[in-house]
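Chain residues, written in single-letter form:
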Amino acid sequence: MSKTGVLLLSHCGYSFIEEVISNAATRGLESFVLSSLPLSANNHRIQELQEKSAWFALSQTHALTWQDVEQVMQELAVQGYHIVCCLSVWEGYRTLMAKANQILGIADMEPAQVELLLNKYELRQQLHQVGLSQVDCVLLDEHTWANLQASSKPAFVKPVTGIASYGTFPLTADKSWQDIEKIQSEIATDLTYRSIFSANRGFMAEDYIAGQEFSFEIIAVDGEMFVVAIHEKVEIDESGSAVLENACVTPPIHLDEVQLQKARAWTAQIFQELQLQWGCYHLEARCYNDRWEVIEINPRVGGALISPSVSILTQGVSMTQLWLDNLLYQKPEEKLQQKARLANFDLGTETYQPSAMSSYFRVYFAKPGRISAIKQVNCCLEPDLVQVSLKTGTEVVEMAREVFLGQVLWAIPQNKTNELLPKLIIESRNAIQVDYE
Ligand SMILES: Nc1ncnc2c1ncn2[C@@H]1O[C@H](COP(=O)(O)OP(=O)(O)OP(=O)(O)O)[C@@H](O)[C@H]1O
Ligand SMILES: [Mg+2]
């Protein structure tokens, strides 16, 4: 066995580890996995990850710390292993990954840049100051909450640092400050997610951003950025205390050539301003009357089925693979090759080669209750990928965040998209059917 590999940081036994291990293997590399302790119901993940990786370590708690990563890097070195780079798709470990890469001499985001993107309040202020956002924001306490609720300006509430749409909702008259306190106590008992909020930056509110929502999947190589895909969110549900993002299509259906070019130029301005030179990004934004506003910039690959969806568009290269390659190929001639490949995917530019395929996926969320049956129903097109993450018998409790039930991905030949997509958007709502007791 080769002793050269990639250090992968897994959160509670997950974080797309199988996908990234297989990406590393296609580049002839082993995988060294460091995982935080899985929840007791998922203890089977320990053995599974042990079997799938060349080297495995487990931390004592549900969240990794820098000490854990540092210690593992030392142990691997002592045992004669060579780490070529570090990767983690879990947002809570993005700073640890950046620190590890800094030590390994691999070009990546700087830890301080990661921290800025994860702080939605600081990020909004910085973009506002240079005219790249028109949205006002405020940190929330009982006083600022009351002022905002008394004003007529529509506002949106979210944690300053958060994921999985935890506690994200429009500030309407029926909501109260106690709702925030309730969400905070829920976060405190959520063993998987609470570490994301441990910096305790509290909640913020900002102007409600109207418009159609898109996400930009971006790779930056040595100061040049490439928009590998734009996903249009064709269905969003704002009804609860978490905004659910239900269905996405790429290439987008509501942006014409001119709008694509404008969007591309706007993302380049943001990257220029924030000096984002290297890495993989999932930039979420809304477009209203031809004006773009950032929702957030994730310093990582997008969640749900974004990575395999990119793979359909590029006919074989997933977003996690592009991210790994970004860390692996940094020599001058390698960088040129990477840039040339990425330029073909880069929407809104002259080098863009239109894809032969479109991709559409839908995410299914669970409702509170005990699941008595889950079944899959056929649509007008065979799916490319079906993932169901909950089982019959599972008791789902009410949460202020997304509770994933499953997700399904379809690959649509470009020349059939106009005909099939409208049908699929409707039919796919019932592609996974769940009965509750
Ligand atoms: N200012 C805003 N105005 C209107 N809607 C917003 C605003 N901010 C966020 N949203 C909506 O709420 C969703 C979740 O917000 P955000 O992306 O900031 O949180 P998150 O927890 O990081 O989400 P995720 O990890 O699921 O992407 C957004 O995708 C968007 O639909
Ligand atoms: Mg988001």
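In case you missed it, the structure is sitting above this.
Keep in mind the model is a prediction, meaning the values are calculated, not measured. (Residues numbered from 1 in each chain as written. Chains lettered and ligands numbered in written order. Predicted model: local features only at pLDDT ≥ 70, side-chain atom pairs only at ≥ 80, totals over all residues. Heavy atoms only, no water.)

A.B. asks: Mind showing me how you'd approach the overall build of the chain here?
C.D. replies: Counting its regular elements, the chain contains 13 helices and 19 strands. What you see for the chain is a C-alpha radius of gyration of 21 Å, in line with the 22 Å of a compact globule of 437 residues. Taken along its principal axes, the extent of the C-alpha atoms in the chain is 65 × 50 × 50 Å. A total of 437 residues make up the chain; the buried ones form 55% of that total. Expressed as a percentage of contacts within the chain between residues at least 6 apart in sequence, the contacts between residues at least 24 apart total 69%. For the chain, the exposed surface amounts to about 18,900 Å²; the carbon and sulfur share of it is 50%. Separation of charge centres in the chain, based on 33 positive and 53 negative side chains, amounts to 2 Å. (Helix = DSSP H or I, 4+ residues; strand = E, 2+ residues; numbered from the N terminus. Rg over C-alpha atoms; globule rule 2.2 N^0.38 Å. Buried < 20%, exposed > 50% of the residue type's maximum accessible area, 1.4 Å probe, protein only. Contact = heavy atoms within 4.5 Å. Areas by Shrake-Rupley, 256 points an atom, 1.4 Å probe, with all protein chains shown as cover. Lys, Arg positive; Asp, Glu negative; His and termini not counted. Charge placed at Lys NZ, Arg CZ, Asp CG, Glu CD.)

A.B. asks: For this particular structure, what's the right way to read the site of ligand 1?
C.D. replies: Neighbouring residues of ligand 1: 24 residues in total, closest Ser 165, Glu 206, Glu 213, Glu 245 and Glu 296. With respect to ligand 1, the backbone of Ile 163 contributes an N or O atom lying 3.5 Å from an oxygen atom. Glu 284 is positioned such that a nitrogen or oxygen atom in its side chain is 3.0 Å from an oxygen atom of ligand 1. Of all the secondary-structure elements, those providing two or more residues to the shell around ligand 1 are β6 (155-159), β8 (203-207), β10 (224-237), β12 (279-288) and β13 (291-298). Residue classes in the shell around ligand 1 are distributed as 9 nonpolar, 3 polar and 12 charged. Residue-level mapping places the shell around ligand 1 at the junction of two domains, with at least three residues from each of domain 2 (136-207) and domain 3 (212-355). (Near = heavy atom within 4 Å. Polar contact = N/O pair within 3.5 Å; in protein donor to acceptor, adjacent residues only side chain to side chain. Nonpolar A, V, L, I, M, F, W, Y, C, P; charged D, E, K, R; others polar. Domains from an automatic or database assignment.)

A.B. asks: Just to check I follow, could you spell out helix α8 (residues 177-189) for this structure?
C.D. replies: Turn by turn, an α-helix covers 3.6 residues, leaving residues three or four places apart pointing in a common direction. Between its terminal C-alpha atoms α8 stretches 19 Å, which fits the 18 Å expected from 13 residues at 1.5 Å a residue. By the burial criterion, the buried members of α8 are Trp 177, Ile 180, Ile 183 and Ile 187. Relative to the axis of α8, the buried residues are bounded by an arc of 115° and lie together on one face. Looking at α8, the residues exposed on the side facing more than 90 degrees away from the buried face are Lys 182 and Thr 189. Looking at the buried side of α8, the elements it contacts are α7 (142-150), β6, β7 (169-170) and β8. (Expected span 1.5 Å × (residues − 1). Arc of directions from axis to C-beta.)

A.B. asks: It is not clear to me how the packing of aromatic side chains should be interpreted in this structure. Could you clarify?
C.D. replies: Within a pair of aromatic rings, the relevant descriptors are the distance that separates the centres and the angle that separates the planes. Scanning all chains against the criterion turns up 12 aromatic pairs. One aromatic cluster is present, formed by Phe 214, Phe 216, Trp 266 and Trp 292 through successive ring pairs. Across the ring face of Tyr 81, the terminal group of Lys 3 is positioned such that the distance to the ring centre comes to 4.5 Å. (Phe/Tyr/Trp six-rings, centres within 6.5 Å; stacked < 30°, edge-to-face > 60°. Lys NZ or Arg CZ within 6 Å of the ring centre and 35° of its normal.)

A.B. asks: Would you explain the pairing of strand β18 (residues 404-413) in this entry?
C.D. replies: As a general feature of sheets, a regular strand has side chains that alternate between the two faces. With 8 of 10 residues buried, β18 is to be regarded as a mostly interior element. One ladder, built from 9 bridges, connects strand β14 (residues 357-365) with β18; its direction is antiparallel. Residue Tyr 360 lies in a different strand from β18, and its bridge partner there is Trp 410. In the sheet, strand β16 (residues 385-388) pairs with β18 via 4 bridges, with the strands oriented antiparallel. Following the sheet pairing, Val 388 is matched in β18 by Gly 406. (Pairing = 2+ DSSP bridges.)

A.B. asks: What is the right way to look at the coordination of the magnesium ion (ligand 2) in this model?
C.D. replies: Geometry reference: four tetrahedral donors at a metal, ideal angle 109.5 degrees. Six octahedral donors, ideal angles 90 or 180 degrees. Bound to the magnesium ion (ligand 2) are the protein donor atoms Glu 284 (OE) and Glu 296 (OE), situated 1.9 to 2.0 Å from the metal. Of the two residues, Glu 284 is situated in strand β12 and Glu 296 in strand β13; the sequence distance between them amounts to 12 residues. Note on accessibility: Glu 284 and Glu 296 belong to one class, buried. (Donors = N, O, S within 2.8 Å, 3.2 Å for Na, K, Ca; no water.)

A.B. asks: Quick question: what am I supposed to make of the environment of Glu 334 here?
C.D. replies: Within the fold, Glu 334 resides in helix α12 (residues 332-345). When its relative accessible area of 18% is taken as the criterion, Glu 334 is described as buried. Apart from the residues lying within four places of it in its own chain, the contact partners of Glu 334 are Leu 328 and Tyr 329.

A.B. asks: In this structure, what is going on with the state of the cysteines? I would like to understand it.
C.D. replies: A covalent bond bridging the sulfur atoms of two cysteines is what the word disulfide describes. Counted by the stated rule, this structure contains 0 disulfides. Sulfur of Cys 12: no disulfide; nearest cysteine sulfur belongs to Cys 86 and is 17 Å away. On the basis of relative accessible area, Cys 12 is assigned to the buried category, the value being 4%. Cys 86 carries a free sulfur, and the closest cysteine sulfur to it, the one in Cys 85, is 7.5 Å from it. We classify Cys 86 as buried; its relative accessible area is 0%. (Disulfide = S-S within 2.5 Å.)

A.B. asks: Explain the nonpolar core to me, please; I cannot follow it from the model alone.
C.D. replies: Burial of nonpolar side chains together is a common tendency in soluble globular proteins. The biggest cluster of nonpolar side chains holds 85 residues, and the ones touching the most others in it are Leu 7, Leu 9, Val 69, Leu 87 and Leu 322. For this core, the element with the most residues is helix α11 (residues 319-328), which contributes 6 residues. When neighbours within four sequence positions are excluded, Leu 322 is seen to be in contact with Ile 219, Val 228, Val 310, Val 317, Arg 341, Leu 342 and Phe 345. In this structure, Val 114, Met 225, Leu 255 and Cys 287 belong to the second largest nonpolar core, which totals 31 residues. (Core = buried A, V, L, I, M, F, W, Y, C linked by side-chain atoms within 4.5 Å.)

A.B. asks: Which parts of the structure should I look at to understand the sheet that holds β16?
C.D. replies: Strand-to-strand pairing in sheets goes through backbone hydrogen bonds, with the strands running parallel or antiparallel. With antiparallel pairing, the 8 strands of this open sheet are ordered in space as β13-β12-β9-β10-β11-β14-β18-β16. Edge positions in the open sheet fall to β13 and β16, since each of these has one partner strand only. Adjacent strand axes in the sheet meet at a mean angle of 25°, parallel and antiparallel pairs treated alike. Pairing of strand β9 (residues 212-221) with β12, which is carried by 9 bridges, proceeds in the antiparallel orientation. Within β12, the position partnered with Glu 213 by the bridge is Arg 286. (Axes fitted to C-alpha atoms, helices over the stretch in contact; angles between N-to-C directions.)

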